[in-house]
Structure formats: C-alpha cells, structure tokens
Amino acid sequence: MSKRLTTTSSSPDRRKALFRRVPSIERILSRPAIHSLASTFGRQAVTDATRTLCAELKRAVTEGLTEEELEERIGALDEAVGEKLREEIRASLRPAINATGIIVHTNLGRAPLSDRAVDAISEIARGYTNLELDLETGKRGSRHQHASHLLSRLFPGKSALVVNNAAAAVMLSLNTFAASKEVVISRGELVEIGGSFRVPDILVRSGARLREVGTTNKTRIADYEQAIGPETGVLLRVHPSNFRIVGFTESASTEEIAKLGRERGLTVIEDFGSGNLLSLAPFSLPREPTVAQSLASGVHISIFSGDKLLGGPQAGILVGDHAAIETCRKNPMARALRVDKLTYAALEATLLSFVEGKATREIPVLRMLSAPQSAIRKRSERFITALGDTGQLELAIEATTSRIGGGAAVDAEIATYAITIVDPSTPAQNIVTALRAHRPPVIARIVDGRVLIDLRTVAEQDEDALRAALISIQDDAS
Ligand SMILES: *Cc1c(COP(=O)(O)O)cnc(C)c1O
C-alpha cells in the first residue's frame, strides 16, 4: 500500500489518499492526551489548535510530504497540539541576547540591571514594604522619600523627584510651571527622540504654549531675551541627544539661559536625557556633559532617564532646587506619573553603587562602556575556540565599533572587536533571522554582507546560549 502511494507521488489520487490518513478533528479531540489538555487550556482553544495543525498537515501534503513523513507527524500530533497551546500562552516578554554592540538599546529594553538592583527587586517584590509608611511615626509617609536621600548625596544641596520616565518628567515640570503659559525653546532643540518623544508634542500636551526662538542652526541669548514677556513661564533647554547640527552653528550656553531665567523670575529646566553621572573622559569617549554640570550651570531643574547611562530601571529623575522640586511634587499630575516599589528598589540599589564609588564595577552599562578593546578581543578568541567545529560557517574577528545608543553621546563610537559570521550558501539576512528565531533570541547586526556579533553587550553568562544559537543555525543550514 505504501509503495503504491509513493509511486504515484504527485497525482490528485495520491493526495486524496494521504488526506484520508489525516484523522478527523473529532477523532483527535477524543484522544485522552488531547482531551486532558482541555482542562488547562479550555475546549475551544484545544479545538482551534487541533484544527490549525490539521490544516497545516494537509497543506504539507499538497506541498509534497511523503507518506512516511505524514505518518510521523500524525503520530506526533498529541505532542504538537500541547506544544502549540503552551506556545500561545507563553509570556511575550522574554530575555534576549544583545549582540549588536549598542549598549543602551531602546528596542532591547535599555539598561540591564546590576546584580544589586535585581536582588533588591526580588527582596522588595516578595512581601510588604514601607512604601508609604513612616516607620518612626507609624503614620502615612510619602513614597517620594525613597531614592531622594541618595540623589541628595550625589547632588548636594539639591532635591529630587522620581517619575515614570524622562518624558513624564518633562511633561510634569512644564505642566507645573508653564500650564497656559509660554515655554521658550530654541528651534535647534525641537527634536524627536527615540521615535515617540517629540519635544513640541509633549510640550503642548503639558498645557504649555511653544515659543520657538532662533533658527535651526543658530540661537543666541538675545533671542531668548527678546521672547520673554508676561506670558512666559519656562525657559527650556533640551539636549538634542540623537542628532547633531554641524558646521555654521551657535547656541546660548546653559549658564547664560539659567542666568537670564533667574534674573527674570522664570523657571529654567534642562531636559538632559542621558543621565550621565560620571565623566566619560577616562573611557576615551567624547565629552558628554554630566548631570552635575547641568545643575552647576544654574538651571532650576535637570531631568534625565534612569535607564540610560545611569544604568538603572526605567524612570525619569528630576533633580534641582528644593522649592521647584516640591512644587512639581505637589502637582496632582505627579500622582499619575509616579513609580512603583520595584522601580524604587532597583533605582536605590543602582544609586548606591554610585554613592559608594563602585559604579564602573557594578553597573552593567558602565562595565560594557569601559571594557577595553583588547579584553573584547580576548573574549572573542576564547568564544570561537570553545565553539569548536563550525561546519560551513566561516568565523573571524575584526576591529569595529560599538555604540552607546539610547540618546546619549549618540555618535560616540567605542573601539571593539566583533566576531564576523559568513556562510557561503546563506545570505546574511537569513542568518540574522535564524538567530532571532532561536531561544533565547540573539540580535545581531549586518555590516557589508557579514553578520557581526559584538561580545561587548553580551553578558558572560550568556555565552553558552549564544554558542548554542550558532551551532543550531549551522545545523539548520547543513
Ligand atoms: C531619551 C531622552 C528622553 C526620553 O527619555 P525616556 O526616559 O525614554 O522618557 C527625553 N529627552 C532626552 C534629551 C532624551 O535623551
């Protein structure tokens, strides 16, 4: 019988005969193994999954599945239905391996947290906390006290407030000081950051009116001065982060703007973005101003993200004059933008690394940033050696650059080495797709038709998983 079917391989008769082998939905559903899945996943979901898999089987038959292959897949149907149902309810947020060399990669969740921060989260998450309880008086306390004492250590004489992210911090501060008033900002700073943070849009949503001054490439302090009137509420400075105007340019310094604002009784806010607490000079990176420098320039409030160069959880941090921060805190909007206990736990642990002077050792973002090129080369060599035979994959090591990313010193490139992967019979795009389909997914980049793996952004404990991914794509291709 089997012989007859295989010899008439592409005929409609054969196809019909093979189709008849596929059991009916009812038959499959009555199998005990399938039946028991209903108690976990529900009857409808089990029926739908079974129907989909049977349709796939029939399609495979029309595409030339052999009889043996068909029998094998029918035999494995119970298993496949269970697997499909489990897959459907799997968490959609999963760990991934970042082999792009872009350290603060917004699509990949920005900063990986330090061990200390992770430990703090699990400790706080497990039970009850003093989130809003004053342990001395036993009365209701404020969640805003958390992290503030550490931020005041890092920025002496300043107060701080933590909200959901930097966009929220900009929204809150403008709403507090410029609702139905004008915000004066240079045309050169009306930028879009990360695809969804558009300075003019946030500004308008805060209830403020935009008052653009200067031109795209040149804005002088006199431009700000002329724009100030009875309607003015805030002078805003935005760090352009992910773009740069080069050539014939001029801009007022933050000092000049802060001085002008204070003279005229206006609040001066700097959206600083990157949250750079340390000088990057020792890592031979371009000069990126620090938060302390922003504050020293005289602004009332400096705003930055928790999950960029600070290397902590997603958060927006406002640091500045006590009165200005308190006014923001009392704005009812602060209630809507507040952060939860897990964010405070991670943020406090992250800030503690800075307070104790251990940040470059403990914070993953700073460790990656400061890893010397030679160390990445050694890791890459060891990695390849441990991989052993790579079949048709051609691996090599070449000098290239990593990037900080995430709207911080965006054109700053860090010298690195990457492992290049070439498969003569597979386009680079297919390799990248296969790596992304692996579990855990590996995200790599393509340069000049070669796949690049930059170990700078790969945690050492992920190297085994990365090797497994490379071995699996080699098996797939062969
Ligand atoms: C990244 C960035 C933001 C947005 O920060 P989020 O924390 O993602 O909201 C705002 N302003 C500047 C200057 C930035 O670099």
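The structure presented is a predicted model; accordingly, all values stated were derived computationally and were not measured. (Residues numbered from 1 in each chain as written. Predicted model: local features only at pLDDT ≥ 70, side-chain atom pairs only at ≥ 80, totals over all residues. Heavy atoms only, no water.)

Visitor: Quick one: what's the story with the sheet that holds strand β14 (residues 413-422), residue by residue and with numbers?
Guide: Spatial ordering of the open sheet is given by β13-β14-β17-β16, a layout of four strands whose pairing is antiparallel. For this open sheet the edge positions go to β13 (394-403) and β16 (445-447), each flanked by a neighbour on one side alone. Recorded for the sheet is a direction-independent mean angle of 45° between the axes of neighbouring strands. Here β16 runs beside strand β17 (residues 450-453); their pairing, made up of three bridges, is antiparallel. Residue pairing in the sheet places Ile446 in a bridge with Val451 of β17. Sitting on the sheet, helix α20 (residues 373-387) is in contact with β13 and β14, with an inclination near 15° to β14. The sheet contacts of helix α21 (residues 428-437) involve β16 and β17, and relative to β17 the element is tilted by about 35°. (Pairing = 2+ DSSP bridges. Helix = DSSP H or I, 4+ residues; strand = E, 2+ residues; numbered from the N terminus. Axes fitted to C-alpha atoms, helices over the stretch in contact; angles between N-to-C directions. Contact = heavy atoms within 4.5 Å.)

Visitor: How would you explain the nonpolar core if you had to name every residue and give the values?
Guide: Leu151, Phe304, Leu369 and Ile404 are the most contacted members of the largest nonpolar core, which totals 37 residues. Elements with a contribution of two residues or more to this core: α9 (148-154), β2 (159-163), α14 (291-296), β12 (316-320), α17 (341-355) and α19 (364-370). Counting contributing residues, this core receives three or more from each of domain 2 (97-104 + 368-477) and domain 3 (114-362). By size, the runner-up hydrophobic cluster in this structure holds 31 residues, among which are Leu172, Ile185, Ile193 and Val199. (Core = buried A, V, L, I, M, F, W, Y, C linked by side-chain atoms within 4.5 Å. Buried < 20%, exposed > 50% of the residue type's maximum accessible area, 1.4 Å probe, protein only. Domains from an automatic or database assignment.)

Visitor: For the packing of aromatic side chains, give the residues involved together with the corresponding values.
Guide: One pass over the full model with this rule turns up one aromatic pair. Residues Phe155 and Phe304 carry aromatic rings whose centres are separated by 6.4 Å and whose planes lie at 65° to one another, so their mutual orientation is edge-to-face. With a gap of 149 residues between them, Phe155 in the loop between α9 and β2 and Phe304 in strand β11 (residues 301-305) connect regions that are remote in the sequence. An identical accessibility class is assigned to Phe155 and Phe304; each is buried. (Phe/Tyr/Trp six-rings, centres within 6.5 Å; stacked < 30°, edge-to-face > 60°.)

Visitor: Tell me what's going on with the sheet that holds β12, and back it up with residues and numbers.
Guide: Spatially, the seven strands line up as an open sheet ordered β2-β12-β11-β10-β8-β3-β6, and their pairing is mixed. Of all the strands in the sheet, just β2 and β6 (209-213) have a single pairing partner and so form its edges. Taking each pair of neighbouring strands and ignoring which way they run, the sheet shows an average axis angle of 25°. Examined bridge by bridge, strand β10 (residues 267-273) and β11 share four bridges and lie parallel to one another. Its bridge partner being in β11, Glu270 is matched across the sheet by Ser302. Against the sheet, helix α10 (residues 166-178) contacts β2, β3 (182-186), β8 (232-238), β10, β11 and β12, and its axis sits at roughly 155° relative to β11.

Visitor: Residues and numbers for unusual backbone geometry, please.
Guide: Excluding glycine, a negative phi dihedral is what most residues carry, and trans is how most peptide bonds are arranged. With an omega of -5°, the peptide bond between Arg439 and Pro440 qualifies as cis. A positive phi angle is found at Ala147, which is not glycine, with a value near 70°.

Visitor: Give me the lowdown on the confidence of the model for the chain, citing residues and values where you can.
Guide: Of the residues in the chain, 95% reach a pLDDT of 70 or more, and the chain-wide mean stands at 91. Scored below 50 in pLDDT, residues 1-8 shows nine contacts in the model against residues more than four places distant or in partner chains. (pLDDT = per-residue confidence, 0-100.)

Visitor: Which residues make up the pairing of β2, and what values do they have?
Guide: Along β2, five of the five residues are buried, which leaves the element largely enclosed by surrounding structure. Covered by surrounding structure in β2 are Ser159, Leu161 and Val163 together with Ala160 and Val162, the residues of both alternating faces. Note: β2 against β12, five bridges, orientation antiparallel. The residue bridging Ser159 from the neighbouring strand is Gly320, located in β12.

Visitor: I'd like a rundown of the pattern of salt bridges, residues and numbers included.
Guide: Pairing is possible between side chains that carry opposite charge, provided their charged atoms lie close to one another. Counted by the stated rule, this structure contains 32 salt bridges. In this structure, Arg237 engages Glu189 in a salt bridge whose closest nitrogen and oxygen atoms are separated by 3.1 Å. Residue Arg237 is found in strand β8, and its partner Glu189 is found in the loop between β3 and β4 (192-193); the two are separated by 48 residues along the sequence. Residue Arg237 is classed as buried on the basis of its relative accessible area, which comes to 11%. Each of the salt bridges in this network shares a partner with another, and the network as a whole consists of Glu87, Arg90, Arg94 and Arg439. (Salt bridge = Lys/Arg side-chain N within 4 Å of Asp/Glu carboxyl O.)

Visitor: An account of α21 is needed here, citing residue identities and associated values.
Guide: For α21, every residue scored as buried is listed here: Ala428, Ile431, Val432 and Leu435. Taken end-on, α21 shows its buried residues confined to a sector of 100°, consistent with a single buried face. (Arc of directions from axis to C-beta.)

Visitor: Run through the domain arrangement of the chain, naming residues and quoting values.
Guide: Per the domain assignment, the segments making up the chain are domain 1 (12-89), domain 2 (97-104 + 368-477) and domain 3 (114-362). Between the C-alpha centres of domain 1 and domain 2 the distance comes to 38 Å.

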